[in-house]
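Spelled out, the chains give:
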Amino acid sequence: MTIDVERARRETPGCARVVHFNNAGAALPPAAVTDAVVDHLRLEEHIGGYEAAEAAEAEVGNAYTAIARLLGCAPHEVAVVENATRGWDMAFYAFDFRPGDRILTIRTEYASNVIALLQVAARTGAVIEVLETDEYGLPDLGDLARELERGAALVAVTHVPTHSGLVNPAAEIGALARAAGVPYLLDACQSVGQLPVDVAAIGCDMLSATGRKFLRGPRGTGFLYVSDRLVERLVPPFLDLHAATWTAPDAYEIRPDARRFETWETNYAGKIGLGVAVDYALGWGLDAIEVRVTALAEGLRSQLREVPGVTVRDEGTRRCGIVTFTVDGVPAAEVRRRLGAAGINTSVSPMEYARFDLAARGLPDLVRASVHYYNTEDELDRLTAVLRQ
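A few points on the structure. (Residues numbered from 1 in each chain as written. Predicted model: local features only at pLDDT ≥ 70, side-chain atom pairs only at ≥ 80, totals over all residues. Heavy atoms only, no water.)

### Describing the packing of aromatic side chains
Here is the rule: Stacked, tilted and edge-to-face are the three classes assigned to paired rings of Phe, Tyr and Trp, where Trp is represented by its six-membered ring and a pair needs centres within 6.5 Å; plane angles under 30 degrees give stacked, over 60 edge-to-face, the rest tilted. In this scheme, a residue with accessible area under 20% of its type's maximum is buried, one over 50% is exposed, and one in between is partly exposed, where area comes from a 1.4 Å probe on protein chains only. By definition, being over a ring means that NZ of Lys or CZ of Arg is both within 6 Å of the ring centre and within 35 degrees of the ring normal.
One pass over the full model with this rule turns up eight aromatic pairs. Plain terms: the ring middles of Phe95 and Phe97 are 5.6 Å apart, the flat faces sit at 25 degrees to each other, and that makes the pair stacked. Summarising the burial analysis for this pair, Phe95 and Phe97 share the class buried. Summarising the aromatic geometry, the rings of Tyr373 and Tyr374 are spaced 6.1 Å apart at their centres and angled 65 degrees between planes, so their arrangement reads as edge-to-face. Overall, the relative accessible area of 2% leaves Tyr373 in the buried class. Ring pairing ties together the aromatic residues Trp88, Phe92, Tyr93, Phe95 and Phe97, which thus form one cluster. The aromatic ring of Trp284 is capped on one face by Arg7, whose charged end is 4.0 Å from the ring centroid.

### Let's talk about the side chain of His163
As a reminder, the rule being used: Each helix corresponds to a stretch of at least 4 residues labelled H or I by DSSP, and each strand to a stretch of at least 2 residues labelled E; elements are numbered beginning at the N terminus. Two N or O atoms count as a polar contact when they lie within 3.5 Å, although within protein this holds only if one can serve as hydrogen donor and the other as acceptor, and sequence-adjacent residues are included solely when both atoms are side-chain atoms. Any two residues whose heavy atoms approach within 4.5 Å at even a single point are treated as in contact.
Structurally, His163 is set in the loop between β5 (154–158) and α8 (170–180). Among the polar contacts made by the side chain of His163, one reaches the side chain of Asp357 at a distance of 2.8 Å. With residues up to four places along the chain from it excluded, the contact list for His163 reads Thr108, Thr324, Ser349, Ala354, Asp357, Leu358, Arg361 and Leu366.

### A few points about the nonpolar core
As a reminder of what qualifies: Residues belong to one nonpolar core when they are buried, are Ala, Val, Leu, Ile, Met, Phe, Trp, Tyr or Cys, and are joined through side-chain atoms within 4.5 Å.
If you look at the biggest cluster of nonpolar residues, it comprises 74 residues, and the most contacted ones within it are Leu71, Tyr184, Val192, Leu207, Phe223 and Leu387. With eight residues, the top contributor of residues to this core is helix α12 (residues 286–305). Ignoring anything within four residues of it in the chain, the contact list for Leu71 reads Val192, Val197, Asp198, Val199, Leu207, Phe223 and Tyr225. Counting 24 residues, the second largest nonpolar core, distinct from the first, contains Trp88, Ala91, Leu224 and Ala258.

So this is what it looks like as structure tokens:
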């Protein structure tokens, strides 16, 4: 299956206005997603918010079934939340860490996750262990196996870093964690929507992701997968009358599925739009999306390597749609500004987003150009032409 790029661009109004290489930040939504969100907001306007939610029960429920198809899990293993960080935090803070508990993570871990690790370590006495890195910038699986033999309370890994095009070996990590009986939390914020992500094949117990990035969904939407084999062990850091039932004056019962990590109040329009975005991605096919995105990114890397003064900074053996680079003598923010003035959207990854990794590599910041299947080869040419100037 191949991507009909012309159709994808027709169905994406933003393609007529801007060259969008900030898909790892927030992709351009297709019109179908925007229409679904606006239609529900209009329904709320006309009949009331509670009434609109009741009338759209099937559309709201579709978010869960669509995400389940996307991930290869059951709908009751899915919680729809405000964003990927909230999903990740709800899972992570549900663990009852004790002094000396070891949390294994990697050098390319995302800043928000590391901040949470540091906070919990300070509160509980848990210990953060950062795995060694191999020659490709990937976590050393031999080191992981040795650390798991020593015992661990959790493995927490980001599938695709925010600041690099590398793809971490999520399934190999999952096999080792599963064999050791250690829970595995995967941050798939940057991988879901551009790569096939199957939770059974990966072997993760929990997975967080967002709607706004490569899934092309609304901002303010995200989701959390929690496996049946683990969910009953996890007590969410806070509960409400949706996550639990008040059963007696002095008692409550937490619901048995992943929706224990949700709250009663939610963005119904966003949830509906998220379901439409997932269905839209599934309609193209994640395998076809990966082929298109990966080819565009490799094409961009090849072009960038030909531009004097530009250095591509992506590591790894398998790479995705995120392309990072530096320009000699020009701060990343200034490169982004100049590209933006030419109608080309990119972003900047500063050191504080990935301090373990960028500090070790002596890089204060990077320019990030993240492609999607609706981008074209001509747009790649436009970006490199501006850099040459």
